[in-house]
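Chain and residue survey
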Amino acid sequence: MLHSTININKLNEKMKYTTFFTFGLLFTVSLYSRAEGREYIFTYDYNGATHDLFGAQRNVQLDAAMLLKDPSLVGSQVIGISVDIPTKEYCSCADIGAAWLTSELQVFGEYNSPNIQEVYGLIKNYGTEAEPELRLDVTFPEPYTMTEDGVYVGYSVTVTNCNVPGVGWTSKYPIVTVCDIVKPQAFMFHCTKGESNLPQRYPEWTDLGESLNQALAMRVIMKGETLEYGAELNPLQSLYVAPESEGMVYTDLNNLGTTQISSIEYSYTVSDKTGYNKTTTQEFKLDEPIPGKLGAYTTLDLPFESPDNIGKYQVDLRVDKINGEKNEYPGSSTFNMEVVPFLPVNRPLIEDYTGMWCGNCPGVYVTIRQMLDKYPGDMLSLSYHTEDRLQGVSTDQMPSSSYGLPRAYIGNRQDPVNNDNIESIWLRQRRQLAPADINVQLMWEDEAHTSLRAESNLKFIFDEEDADYMISYAMVEDDMTDPTWKQTNYYTDEHFEGPYWDLFCGQPHTVTGIVYDDVVLYYPDTKGIKESIPSTIEASKEYTHHASLPLAEAICRNANMKNYKESILKNKDNLRVVAVLIDGKTGNVLNSASTGYSKDAPLYIDPSGIDSPVGAETFVESTEYYSIDGILLNTTPGNGVFISVSRMNDGSMKIEKIHL
């Protein structure tokens, strides 16, 4: 079906098929049902949801859709939609909208082209003139019966007044979204070019749900039978575990019935191609019950026991009971489990690009600070200051694009993440399997403390013959502040709550006294040190590499700054080195680790240069122990990997890594 700009003539042709209705309570729905039964609403916009707005900053036609594809929906009918069209000062939409169904999202010319049916309707005001509540309600003339293939349900509106002279554009209009929803293709978006001379923003259908962690707030009206007790588990990632251990699977628990869920009994069968087959049943009690509203869901870490032997397994999973009652939904799910020799500590690296001149950058600053407090020891960040006095990496050596601050990357150095989703994407990345475990220790190369030595130890999980890995090292400083530094602040009129927001919300347009952490002072090989890791990898073998990082290299590398080529080091006691494992094929970050602080770093002694007096017997006078990241231990360590520094009677030192 060819699609043209919405116009009144086309509306009149289809008006005889259009009816309008109103709805009450909103809630998420996912049902195992048949076409017989009552009407219900499928939506991600249930009570308590947090909303946002989205647009394209243009006077154009906007098309938004969500994918309905779930075995539990097969047999139900899609009979209409209801969607809010919010009002906003200086912005407005045409009073005609469209609802449509299509088996695939496609564009003909610059217009959306649905292939099942499309119905036009009036956007009506269900509020008052002073407090309008605009909504598009449309019934499809032919109810659509859901199949296993699923269907896209969408709507279209035309923005007629967005670029207002003297006011500026707004992208936050008029698509209503629900925050903190991660569902496949739950927010698909496209728009026309319109009459603007500017480039078309979204010429092809784009999945914005994954990048924004949002879903459309549209209500889809359906018809079918509902369940009293119904639930399904939808694992979101594969599970990697060590032999004879317990792992956690990140999964959605979807309520498919009308009963509140406070506990479940689930069973899982682990099998492989060799004939291994074991079924286990476990109970899980939720910290907070899932509301007794059709399809409300939560995301949780569900425990699973691993087999004894290394290998790849399939896990078949289902919910048997809900609050002790039999689950009426017959569906199940599967995911992959891999038992690996050992499980590396995975520390996804957040690389953020910021600047003191950037008024939006405090948003990333607060997010990173909050995460550092929330995940101490696990969360690592590199903060690349850009176009300010703390820029320690030249623009052409930045590992990613710094255009349009603030920017943040997690692992994938080509694909920036939205600030609102940094934590959720980081958590998702942390559950992935890192190819190697990394430890890195820090020492001073000289007694004058003018240069740091970073030594990394890597242990890979699997044998590899054509590996392409590289290591690199970034010198960073924490707790950097100066009363003369001024941070631009665009959060003056905001009222966000939570740690660190008080530094910016309600504060002046320019704030001082900000403390910066993770500042990259020197990073000579941002894209990896070639041949730092051999191409032939032996599993579980330790690979060691080291690098020197002179403090004299911690200088401003922005030629536009007055302090260009001058030292940007504030306190050499607060230095750390972050070791970064890089995929040589993609340039992406695979894992990372940090040393302790330089104030606790021992002096490096080259063992090959130690000569003992001829005929003299040497012995250990004293021994100090350090953690693998260079922190001095006050007591003799227990089990683990440590660094011992032994002082010999002849004045020499013996430094070695020990396993206790």
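Our structure is the block above this text.
Definitions and limits used
Residues numbered from 1 in each chain as written. Predicted model: local features only at pLDDT ≥ 70, side-chain atom pairs only at ≥ 80, totals over all residues. Heavy atoms only, no water. 1 Å grid on protein atoms, 1.4 Å probe; cavity = no way out; pocket = protein on both sides within 12 Å on 5 of 7 lines; lining within 4 Å. Points joined across faces, edges and corners; volume = space filled by probe spheres on them. Nonpolar A, V, L, I, M, F, W, Y, C, P; charged D, E, K, R; others polar. Helix = DSSP H or I, 4+ residues; strand = E, 2+ residues; numbered from the N terminus. Expected span 1.5 Å × (residues − 1). Buried < 20%, exposed > 50% of the residue type's maximum accessible area, 1.4 Å probe, protein only. Contact = heavy atoms within 4.5 Å. Axes fitted to C-alpha atoms, helices over the stretch in contact; angles between N-to-C directions. Parallel < 35°, antiparallel > 145°, perpendicular 65-115°, else oblique. Core = buried A, V, L, I, M, F, W, Y, C linked by side-chain atoms within 4.5 Å. Patch = residues over 30% accessible without salt bridge, like charges linked within 9 Å, V, L, I, M, F, W, Y side chains within 5 Å. Areas by Shrake-Rupley, 256 points an atom, 1.4 Å probe, with all protein chains shown as cover. Salt bridge = Lys/Arg side-chain N within 4 Å of Asp/Glu carboxyl O. Lys, Arg positive; Asp, Glu negative; His and termini not counted. Charge placed at Lys NZ, Arg CZ, Asp CG, Glu CD. Pairing = 2+ DSSP bridges.

Moving on, we get to empty space enclosed by the protein. Vacant regions in the atomic arrangement are exposed by a probe of water-molecule size rolled over the atoms. For the structure on display, the rule yields 1 cavity of 30 Å³ or more. By volume, the largest cavity amounts to about 190 Å³. Lining the largest cavity are 19 residues, with Asp352, Tyr365, Ser383, Tyr516 and Asp517 sitting closest to its centre. Looking at the lining of the largest cavity residue by residue, the class counts come to 10 nonpolar, 5 polar and 4 charged.

Counted at 1.5 Å a residue, the expected span for helix α3 (residues 362-374) with its 13 residues is 18 Å, and the 18 Å between its end C-alpha atoms agrees. When α3 is considered as a whole, its buried residues turn out to be Pro362, Gly363, Val364, Tyr365, Val366, Thr367, Ile368, Arg369 and Met371. Residues of α3 that are buried in the fold lie against β26 (349-354), β27 (380-385), α4 (422-430) and β32 (486-488).

What follows covers the packing of α3 against α4. At their nearest, the axes of α3 and α4 sit 10 Å apart, and the two run at 45° to each other. Considering the angle they form, α3 stands oblique to α4. Counting all contacts with α3, which are made through Thr367, Met371 and Lys374, the residues of α4 involved are Ile422, Glu423 and Trp426. The class makeup of the residues in the contact of α3 with α4 is 3 nonpolar, 1 polar and 2 charged.

Leu68, Val78, Tyr155 and Phe189 are the most contacted members of the largest nonpolar core, which has 51 residues in total. At 5 residues, strand β11 (residues 151-161) tops the list of elements feeding residues into this core. Setting aside anything within four residues of it in sequence, one finds Val78 in contact with Leu68, Leu101, Phe140, Pro143, Tyr144, Met146, Val153, Val220, Ile221 and Met222. Residues Leu390, Tyr473, Ile568 and Leu581 belong to the second largest nonpolar core, which totals 46 residues.

On to the environment of Ser644, then. If you trace the backbone, Ser644 turns up in strand β39 (residues 641-648). For the pair Ser644 and Glu624, spaced 20 residues apart in sequence, the C-alpha separation works out to 5.8 Å.

Right, let's get into a negative patch on the surface. Residues Asp463, Glu465, Asp466 and Glu538 make up a contiguous surface patch of negative charge. By secondary structure assignment, the location of Glu538 is in the loop between β34 (519-522) and β35 (542-550).

Pairing within the open sheet is antiparallel, and its 3 strands lie in the order β29-β30-β35. Looking along the sheet, the strands with just one partner apiece sit at the ends: β29 (436-444) and β35. Each strand axis lies, on average, 20° off the axis of its neighbour in the sheet, ignoring direction. Where strand β30 (residues 451-460) meets β35, 9 bridges bridge the pair, whose relative direction is antiparallel. Across the sheet, the residue bridging to Asn457 is Thr544, located in β35.

What follows covers the pattern of salt bridges. Here the structure, examined in full by the defined rule, presents 16 salt bridges. Salt-bridge contacts for Asp518 lead to Arg576; the nearest nitrogen and oxygen are separated by 2.8 Å. Placement of the pair is Asp518 in the loop between β33 (510-512) and β34 and Arg576 in strand β36 (residues 575-583), with a sequence separation of 58 residues. Take Asp518 and Arg576: they sit in the same class, and that class is buried. Residue Arg557 is joined to Glu553 by a salt bridge in which the shortest nitrogen-to-oxygen separation is 2.9 Å. A relative accessible area of 31% places Glu553 in the partly exposed class. Three or more residues joined by partner-sharing salt bridges are found here, namely Asp478, Asp518 and Arg576.

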